[in-house]
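What follows is each chain in one-letter form.
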Amino acid sequence: HKQSDREERAAMDVDAENGPQLEESVLASLGAEVTSIVAPVSACMALTVCLVRTLYLGRTDLSTAPTSIATAIYHESASDDTGTKVTGALLNALVFVAAITIMTFIMFLLFKYNCTKCLYGYMAFSSFTLLFFMGGYFVQAILEKLQVPFDALSFIFLLFNSAVVGTISMWTAWTPFVLKQAYLVLVAVVIAVLFTRIPAWTTWFLLGALVIYDLCAVLLPGGPLKALVELAVERNEAIPALVYESRLAPQQEPDPRQSQSLIEGGEREQRRGQGAQVPPREEMMRREEEAGQGTPVPSSASDTVSPGVNPEEEERAGAEGTERGETSQSEPLLD
């Protein structure tokens, strides 16, 4: 019990000494995690605001946005009354959510029947088209806005190579990780700027419809996203998707030898306080090894072997004395 108490006190002393260092490491890791999340979001928001201010600030013809799945039913116009805008925006939101639901179920079926190559091919193709066509459209608009001269052949050549590099970096593991993060932020900026071109009423109805769809798709038992995630967890496979990742530097684990030396130092200090003789570290290690092997450990100097006497000779002499009957048996002691 005394030994266990000493070990507990020594462990408590070690924890008290390492407490401030542990708190600093936890705060540092927490700060790194927050920074890794806030940095890409802030960059995406800043770039989106800059593009919108550069391209569309002061313009009133945003209702002439190109036809997309978000405006497939109704194109909002300033001359329309409120009832027409509400009805058209609601229809646009329903069509958009229905398209997302169908695509999610198709993705789930392909993933369920191990058609992951088709999924990766579709995702890579969609990434390439987004970077090449929509990214090229915004780059061309920026160059025209700033009145920068350029020729069509060079522009298409550079745009095609940039889209290919971005697609490869987002869907392969051997490309630089920073390049992948940069292209993912760029894709998010392009999509965000595209959503700013949707008319106001359609945007608000679409936002509410997406919130309801996400809740149903994730929480309901038959939701497509819930079924997809459960299947991926069951198979221990990654879902093909454009997901931003942040890899933090691995934390340096404490050295167990340093902790053991601290515990031994605490035990020595406690024994010095009790007036006991402190054995050297080598002697303590030897006693621990002998105790683990089941060998009796001498507790004092009188139990040790006298110098100059060979243990083998003592065993041989003891065996000869036993044969001659010279060994004496000690009588039992009475309490």
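The shown structure was predicted, so the numbers you read here are calculated from the model rather than taken from an experiment. (Residues numbered from 1 in each chain as written. Predicted model: local features only at pLDDT ≥ 70, side-chain atom pairs only at ≥ 80, totals over all residues. Heavy atoms only, no water.)

For the rest of this paragraph, the subject is the overall build of the chain. Of regular secondary structure, the chain possesses 10 helices and zero strands. Counting helices and strands in the order they occur from the N terminus, the chain gives α-α-α-α-α-α-α-α-α-α. Residues classed as buried in the chain amount to 24% of the 335 residues present. The contacts in the chain between residues at least 6 apart in sequence include a share of 66% that link residues at least 24 apart. Counting every atom, the chain has about 23,500 Å² of accessible surface; 63% of that belongs to carbon and sulfur. (Helix = DSSP H or I, 4+ residues; strand = E, 2+ residues; numbered from the N terminus. Buried < 20%, exposed > 50% of the residue type's maximum accessible area, 1.4 Å probe, protein only. Contact = heavy atoms within 4.5 Å. Areas by Shrake-Rupley, 256 points an atom, 1.4 Å probe, with all protein chains shown as cover.)

A surface patch of nonpolar side chains, amounting to about 550 Å² of accessible area, comprises Leu30, Val34, Ile37, Val38, Val41 and Met45. For valine 34, the location among the structural elements is in helix H1 (residues 2-56). (Patch = residues over 30% accessible without salt bridge, like charges linked within 9 Å, V, L, I, M, F, W, Y side chains within 5 Å. Salt bridge = Lys/Arg side-chain N within 4 Å of Asp/Glu carboxyl O.)

Once that is clear, we can look at the packing of aromatic side chains. In total, this model carries eight aromatic pairs according to the counting rule given. Between phenylalanine 96 and phenylalanine 195, the ring centres sit 6.4 Å apart and the planes meet at 85°, which makes this aromatic pair edge-to-face. Pair noted here: phenylalanine 96 is in helix H2 (residues 82-112) and phenylalanine 195 is in helix H5 (residues 177-196), with a separation of 99 residues, a long-range link. For phenylalanine 96, a relative accessible area of 11% puts it in the buried group. Both rings, one in phenylalanine 132 and one in phenylalanine 133, keep their centres 5.0 Å apart while their planes meet at 90°; by these two values the pair is edge-to-face. Here the aromatic residues Phe128, Phe132, Phe133 and Phe160 are joined through ring pairs into a cluster of three or more. Over the ring of phenylalanine 111 we find arginine 235; its NZ or CZ atom is 5.5 Å from the centre of that ring. (Phe/Tyr/Trp six-rings, centres within 6.5 Å; stacked < 30°, edge-to-face > 60°. Lys NZ or Arg CZ within 6 Å of the ring centre and 35° of its normal.)

What follows is about the packing of H2 against helix H7 (residues 224-235). The N-to-C vectors of H2 and H7 enclose an angle of 20°; their axes lie 9 Å apart at closest approach. Comparing their axes, H7 and H2 come out roughly parallel. The crossing of H2 and H7 is left-handed. Across the interface between the two elements, Thr104, Phe105, Met107, Phe108, Phe111 and Lys112 from H2 touch Pro224, Leu225, Ala227, Leu228, Leu231, Ala232 and Arg235 from H7. Residues of the contact of H2 with H7, tallied by class, amount to 10 nonpolar, one polar and two charged. (Axes fitted to C-alpha atoms, helices over the stretch in contact; angles between N-to-C directions. Parallel < 35°, antiparallel > 145°, perpendicular 65-115°, else oblique. Left-handed = near helix turned anticlockwise from the far one by under 90°. Nonpolar A, V, L, I, M, F, W, Y, C, P; charged D, E, K, R; others polar.)

The next point concerns the side chain of glutamine 181. Looking at the secondary structure, you find glutamine 181 in helix H5. Apart from residues lying up to four places away in sequence, glutamine 181 is in contact with Tyr244, Glu245 and Ser246.

So, on to the environment of glycine 88. The residue glycine 88 is located in helix H2 in this model. Through-space distance from the C-alpha of glycine 88 to that of threonine 202 is 7.7 Å; in sequence the pair is 114 residues apart.

Generally speaking, nonpolar side chains in soluble globular proteins are found buried as a group. Judged by nonpolar contacts, the single largest core of 29 residues is most densely connected at Phe111, Leu131, Phe138, Met170, Val189 and Val193. Going through the elements one at a time, H1, H2, helix H3 (116-146), helix H4 (152-171), H5 and H7 are the ones with two or more residues in this core. If sequence neighbours within four positions are ignored, valine 193 has contacts with Thr48, Leu51, Tyr56 and Phe138. (Core = buried A, V, L, I, M, F, W, Y, C linked by side-chain atoms within 4.5 Å.)

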